[in-house]
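Fold and geometry: a report
Each chain, letter by letter, is given below.
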Amino acid sequence: MSKLIPELLLPAGDLERMRAAFDYGADAVYAGQPRYSLRARNNDFKLENLKTGIQEAHARGKKLFVTSNIMAHNNKVKSYLADMEPIIALKPDAIIMADPGLIMMVRDKWPDMPIHLSVQSNTVNYAGVKFWQKLGLTRVILSRELSLDEITQIRQECPDMEIEVFVHGALCIAYSGRCLLSGYFNHRDANQGTCTNACRWDYKMANAATDEAGQAKVINFEFNKAVRDAEHAFSSAAHIERHPLADQTYLIEEANRPGELMPIMEDKHGTYIMNSKDLRAVEYVEQLVKIGVDSLKIEGRTKSVYYVSRAAQVYRQAIDDAAAGRPFNPALLADLDGLSNRGYTTGFYQRHRSQETQNYLEGHSKSKRSIYVGQVKQVAEGWATVEVKNKFAVGDTLELIHPNGNQLFTLDAMRAADGGDLEVALGSGTDVAIPLDQQYDQALITRILVEAN
């Protein structure tokens, strides 16, 4: 198998996050074209910013890919080539696309423009990769639903085609993101770039019965008590049997839509509530390097500067360790725990975790948890002005996260904006000063959360 060093590819929601990704180790970033990507909302990369981003990336010897991956309806097909003209003129390193018709149009008009096939196209086998290679595409982003064995076979069958896989970020409840929930609830089509993340909303569950017509109707239901009763019934049973609650119909209610109760069903496998855990596959980077994957991709164009910086730094180390033949460092799992997440999963890479991986997760991930608490804005005369993001206090163990290296320290003094001594920085929206060396200008700061073992 190959031992190439894969590209580390990070999301760029705006220029600040693009710069952070490069500072902390990314080789390339991807930025969405507002009208034609799956991040049409909250997208800072209008033409002028895209121009700046491409110029800055190339000046640093990095790459910028433009995501243009919607499945276009007719009205967007008509305007597509005209809107792409100024984008192509900026000379991005590739266009990430999904729609076969749009791909055909770009290949016809700009045959030398590299095109990467989006994960939205659901490529799950080597025959599909060969198909797109014959059409002149230079890279295929494989579906998230593949195992390591399947990726290995694709690499072996398609040795001269670039392949890219996701290693970190949000997972969708639909197959590779082809979701209808947002369109159903809010008339905002996820497949046209306006997803409202309906699967992430805060749902509550209520009991239901059916009327004579078979329609679900609400009855009084104490959900928390029912959960406790069910847990007790399962834990006290000599043999786990199907619980009567599993045969009932339930209703879910979203926090911002009180009174709008939607029926869900439960079968012998469980209840299908939608909010997926997030992908974290840092422990598989070594295997992906050995397989010969060309690019490792992190999801999250709407995430914070801290998310981009920390994720880039951790996966950069994992890639460099693997390339140098160093064993995986389990502490990297803990470094990722401080990022915003909904719990982690390794997705489809392994159908069953090995005992070794289980030990990684339990033995290291819980020993050093952290929370993002601030960003250094400037350092002068030994004191740093810190923009507070979350509460921290004198006596806390903090970690400075910086492109030049990280540093743990105990905070022994703090000042308020007026210069007076301060014991606690209460939360977001304020600035404080802490003693700090000049070399940590623009550093990110986390607070280490100590847990009993």
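So, how was this worked out
Residues numbered from 1 in each chain as written. Predicted model: local features only at pLDDT ≥ 70, side-chain atom pairs only at ≥ 80, totals over all residues. Heavy atoms only, no water. Helix = DSSP H or I, 4+ residues; strand = E, 2+ residues; numbered from the N terminus. Axes fitted to C-alpha atoms, helices over the stretch in contact; angles between N-to-C directions. Parallel < 35°, antiparallel > 145°, perpendicular 65-115°, else oblique. Left-handed = near helix turned anticlockwise from the far one by under 90°. Contact = heavy atoms within 4.5 Å. Nonpolar A, V, L, I, M, F, W, Y, C, P; charged D, E, K, R; others polar. Polar contact = N/O pair within 3.5 Å; in protein donor to acceptor, adjacent residues only side chain to side chain. Buried < 20%, exposed > 50% of the residue type's maximum accessible area, 1.4 Å probe, protein only.

As annotated in an unreviewed UniProt entry, the chain carries the name U32 family peptidase and comes from Sapientia aquatica.

Digging into unusual backbone geometry
Despite not being glycine, K91 has its phi angle at roughly 60°, a positive value. Along the chain, the position of K91 falls in the loop between α3 (74-89) and β4 (94-97). Positive phi values are uncommon outside glycine, yet E381 reaches one of about 55°. Counting through the fold element by element, E381 comes out in the loop between β17 (369-380) and β18 (383-388).

What about the packing of α3 against helix α4 (residues 100-109)?
Two numbers describe how α3 lies on α4: the axes approach to 11 Å, and their chain directions differ by 40°. On the basis of their axis angle, the class for α3 and α4 is oblique. The handedness of the crossing between α3 and α4 is right-handed. Of α4, the residues touching α3 (which contributes V77, Y80, L81 and E85) are L102, M105, V106 and K109. Along the lines of polarity and charge, the residues of the contact of α3 with α4 split into six nonpolar, no polar and two charged.

Focus: the side chain of S143
Relative to the elements of secondary structure, S143 occurs in the loop between β6 (139-141) and α6 (148-157). A polar side-chain atom of S143 sits 2.2 Å from a polar atom in the side chain of E145.

With respect to the environment of T67
Along the chain, T67 falls in strand β3 (residues 63-67). For T67, a relative accessible area of 2% corresponds to the buried category. The sequence separation of T67 and A94 amounts to 27 residues, and the corresponding C-alpha distance is 8.6 Å.

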